Amino acid sequence: EIAKSLVDIQKSFEKQVNMLRNLKYNILDVKSGTLWHGDFGVYKNGTKDLEVMMTNVISSAFEIQSTIESGVELLEAFSFLAKREQIRRTVQRKTVEIYVLFNAELNHIKKVFGDQKKEPPIQKFHPPFAGRAIWASNFRNRIEANQRLLELCYFLSESKEKEETNATYKGLHSALEHYILTTYNEWKDSVPDSLAP
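Below is a summary of the structure that appears in this document. Here the structure is a predicted model, which is why all the values come from computation and not from measurement.

## Here we look at the packing of helix 3 (residues 68-81) against helix 4 (residues 85-116)
Item 1. Their axes nearest at 10 Å, the elements helix 3 and helix 4 cross at an angle of 165°. Compared by their axis directions, helix 3 and helix 4 come out roughly antiparallel. In the crossing of helix 3 with helix 4, the sense of the turn from one axis to the other is left-handed. In this structure, helix 3 uses Ile-68, Gly-71, Val-72, Leu-75, Phe-78 and Ser-79 to contact helix 4, whose residues at the interface are Val-91, Lys-94, Thr-95, Ile-98, Leu-101, Phe-102 and Glu-105.
Item 2. Among the residues forming the contact of helix 3 with helix 4, the class breakdown is 8 nonpolar, 3 polar and 2 charged.

If you want it as structure tokens, here you go:
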């Protein structure tokens, strides 16, 4: 549906340009100046309407997006189409929304991690120490994947939300790494000396 809307916008723009291209008078002729202003005004208004349609398409595309990965894919596509100021602002707003989404995910993981780190829900077949480390590693891997996605997006502009998200990510990533290392050291200390190499 989004692709169809973009094709429709493109076709409408081509019609606007063809209208100017097929004018039956010389646009540089001073005597036909009022005709040119009228025709160019129609073109300008049509372009503004297409701009509004484009921002609506961008907004509706993000309404159905639910993951950071799909949001980044949309941002990549739309950032290359964003040549006019209003469309660039819309893409910028959507960029902020992606960072807010990732920050919310980070805060959710931070809360779950904080609430459950003393007794994490590990699989019954996992040994206690390894299970705790795997549990924390799953969180770490999840946030690392999303962070890598956002770091690869060279086309995203700087924002306050980006800085906040990066700070939250670094803090949570550090806490998870510390937990994994501490769990490993606890396991190592629990191994009897007679079993150590």
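## Considerations on the packing of aromatic side chains
Item 1. Per the counting criterion, the structure on display carries 9 aromatic pairs.
Item 2. Ring geometry for Tyr-184 and Trp-187: centres 5.9 Å apart, planes at 35°, overall tilted. Here Trp-187 and Tyr-184 lie together in helix 6 (residues 160-190), a separation of 3 residues that amounts to about one turn.
Item 3. We classify Tyr-184 as partly exposed; its relative accessible area is 43%.
Item 4. According to the relative accessible area criterion, Trp-187 is partly exposed, its value standing at 41%.
Item 5. Linked through ring pairs, Phe-13, Trp-36, Phe-40 and Tyr-43 together constitute an aromatic cluster.

## Brief notes about the side chain of Ser-79
Item 1. Along the chain, Ser-79 turns up in helix 3.
Item 2. Judged by relative accessible area, which is 18%, Ser-79 ranks as buried.
Item 3. Those residues in contact with Ser-79, other than ones at most four positions away along the chain, are Val-91 and Phe-155.

## Details of the nonpolar core
Item 1. Core analysis: the biggest nonpolar cluster contains 36 residues, and Phe-78 and Leu-150 have the highest contact counts within it.
Item 2. Among the elements of the structure, helix 2 (33-63), helix 3, helix 4, helix 5 (128-151) and helix 6 are those that each provide at least two residues to this core.
Item 3. It is helix 4 that contributes the most residues to this core, 9 residues altogether.
Item 4. Not counting the four nearest positions on each side in its chain, Leu-150 is found in contact with Ile-68, Val-72, Ile-98, Tyr-99, Phe-102 and Leu-156.

What counts and how
Every chain begins its residue count from 1, and numbering advances along the sequence as written. Residues qualify for local features only when their pLDDT is at least 70, as the model is predicted, and side-chain atom pairs are given and counted only at 80 or more; totals for whole chains, interfaces and linings, by contrast, use all residues. In computing side-chain properties, one takes all heavy atoms of the structure into account and sets aside hydrogens as well as water. Between N-to-C directions, angles cover 0 to 180 degrees, with each direction set by a line fitted to C-alpha atoms, over the stretch in contact for helices. Secondary structure elements follow DSSP: runs of H or I of four or more residues count as helices, runs of E of two or more count as strands, with numbering from the N terminus. Throughout, the term roughly parallel applies to angles under 35 degrees, roughly antiparallel to angles over 145, roughly perpendicular to angles from 65 to 115, and oblique to all others. Note: crossing handedness is left-handed where the near helix turns anticlockwise from the far helix by less than a right angle, and right-handed where it turns clockwise. In this description, contact between two residues means that some pair of their heavy atoms is separated by no more than 4.5 Å. The residue classification treats Ala, Val, Leu, Ile, Met, Phe, Trp, Tyr, Cys and Pro as nonpolar and Asp, Glu, Lys and Arg as charged. All others, Gly included, are polar. The pairing test for Phe, Tyr and Trp rings, Trp by its six-membered ring, is centres within 6.5 Å, and the orientation test on the planes gives stacked under 30 degrees, edge-to-face over 60, and tilted for anything in between. Only protein chains enter the area calculation, which uses a 1.4 Å probe; residues under 20% of their type maximum are buried, those over 50% are exposed, and those in between are partly exposed. The criterion is simple. A nonpolar core is a set of buried Ala, Val, Leu, Ile, Met, Phe, Trp, Tyr and Cys residues joined through side-chain atoms within 4.5 Å.

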